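Coordinate inspection notes
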Amino acid sequence: MQGLKKIEEIFAQERKVVDDLLDIAKTLRAMPVINLETPTLCLVGAPNVGKSSLVHVLSTGKPEVCNYPFTTRGILMGHIILNFQKFQVTDTPGLLRRHDEDRNNLEKLTLAVLSHLPTAVLYVHDLSGECGTSASDQFSIYKELRERFAEHLWLDVVSKSDLLKTSPVVYATDEPYPSQLELEKYRKSGPDGAINVSVKIEEGLHELKHRVHELLNLQMAKIKNISNNQEE
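These numbers were taken from a predicted model, which means no experiment stands behind them. What you see as residue numbers is a count from 1 along each chain, following the sequence as written. Restriction of local features to residues with pLDDT of at least 70 applies here, the model being predicted, together with a cutoff of 80 or more for giving and counting side-chain atom pairs; totals for whole chains, interfaces and linings are based on all residues. With hydrogens and water set aside, each side-chain value is computed from the structure's full complement of heavy atoms.

So, empty space enclosed by the protein
In this analysis the probe radius is 1.4 Å and the grid spacing 1 Å, with only protein atoms considered; a cavity is a set of points the probe fits into but cannot get out of, a pocket is an open set with protein on both sides within 12 Å along at least five of seven lines, and lining residues have an atom within 4 Å of a point. Grid points are joined across faces, edges and corners, and a volume is the space filled by probe spheres set on the points. Summed over all chains, the structure comprises 2 cavities of 30 Å³ or more. Computed from the structure, the second largest cavity encloses a volume of approximately 30 Å³. Looking at the second largest cavity, the residues that line it are Ile34, Asn35, Leu36, Thr38, Thr40, Leu117, Pro118 and Thr119. Residue classes in the lining of the second largest cavity are distributed as 4 nonpolar, 4 polar and no charged. Under this grouping Gly is polar, as are all residues other than the nonpolar Ala, Val, Leu, Ile, Met, Phe, Trp, Tyr, Cys and Pro and the charged Asp, Glu, Lys and Arg.

This is the structure in structure tokens:
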């Protein structure tokens, strides 16, 4: 009895440590499992541009699709099966135009994925005026990330193409851009080579899947090349 009482006293003293360990275990179980040797597609863009809808179309991931910013509250993992090949896809929280020190934890999570995981990037642009982030802000975010993560393989998509107007959407808060001509071109059609897609009317989805498959095959070759170089 005395021994049992002693154990109870020790447990009571160290209960907080045990509770902390249980919380850590719970957090780890909830974290997505990523195979670093399997090509991964990372969807990136401003909040509410349609990333989660595209993940739903492309993969087995089941994101929450709503029309408000920061719907994605963490990293969602799914899988894509193309021509009997299995790939990974991850949906990331949206990024706003601001300095890194001003970013919230969700945005920092997105940057951590791009910084530390060997992913190919599917960058999603929304020029319809629906997402709440102006074209000039999206362009600034895009240019910064494209330069910052230049080593990643990259594919650009303009989402919600069914909502695109003949005249580009201009926000009253849009700031003058150093290269106004470049910004005007972006407002009309996004970056050069971008695919126009609409989940609603299923426009461009076949081309998107084909291009994603090509991109992930390139990512697979890149991973194998890095692995071979490390072994030598």
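Focus on the sheet that holds strand S4 (residues 119-125)
The strands making up a sheet associate through hydrogen bonds between their backbones, and the pairing can be parallel or antiparallel. Spatial strand order, S2-S3-S1-S4-S5-S6: 6 strands in an open sheet with mixed pairing. Each edge of the open sheet is held by one strand with a lone partner, namely strand S2 (76-82) and strand S6 (195-196). Strand pairing is assigned whenever DSSP identifies at least 2 bridges connecting the two strands. The helix and strand labels rest on DSSP assignments: H or I over at least four residues marks a helix, E over at least two residues marks a strand, and numbering proceeds from the N terminus. The sheet contact formed by strand S5 (residues 154-158) and S6 spans 2 bridges and is parallel. Looking across to S6, one finds that Val158 is bridged to Asn196. Whether two residues are in contact is decided by their heavy atoms, any of which lying within 4.5 Å being enough. With axes taken as lines fitted to C-alpha atoms, and helix axes fitted only over the stretch in contact, angles between N-to-C directions fall between 0 and 180 degrees. Packed onto the sheet, helix H5 (residues 135-148) meets strand S1 (40-45), S4 and S5 and runs at close to 165° relative to S4. Sitting on the sheet, helix H7 (residues 205-231) is in contact with S1, S2, strand S3 (85-91), S4, S5 and S6, with an inclination near 100° to S3.

Quick word on the pairing of S3
Within S3, 5 of the 7 residues are buried, leaving the element largely enclosed by the surrounding structure. Pairing geometry for S2 and S3, over 7 bridges, is antiparallel. For Leu82, the partnering residue across the bridge sits in S3 and is Gln85. Remark: 2 residues form the turn of the hairpin made by S2 and S3, two consecutive strands paired antiparallel; Asn83 in that turn has positive phi of roughly 50°. Buried, partly exposed and exposed residues are distinguished by accessible area as a fraction of the type maximum, computed with a 1.4 Å probe on protein chains only: under 20%, between the cut-offs, and over 50%, respectively.

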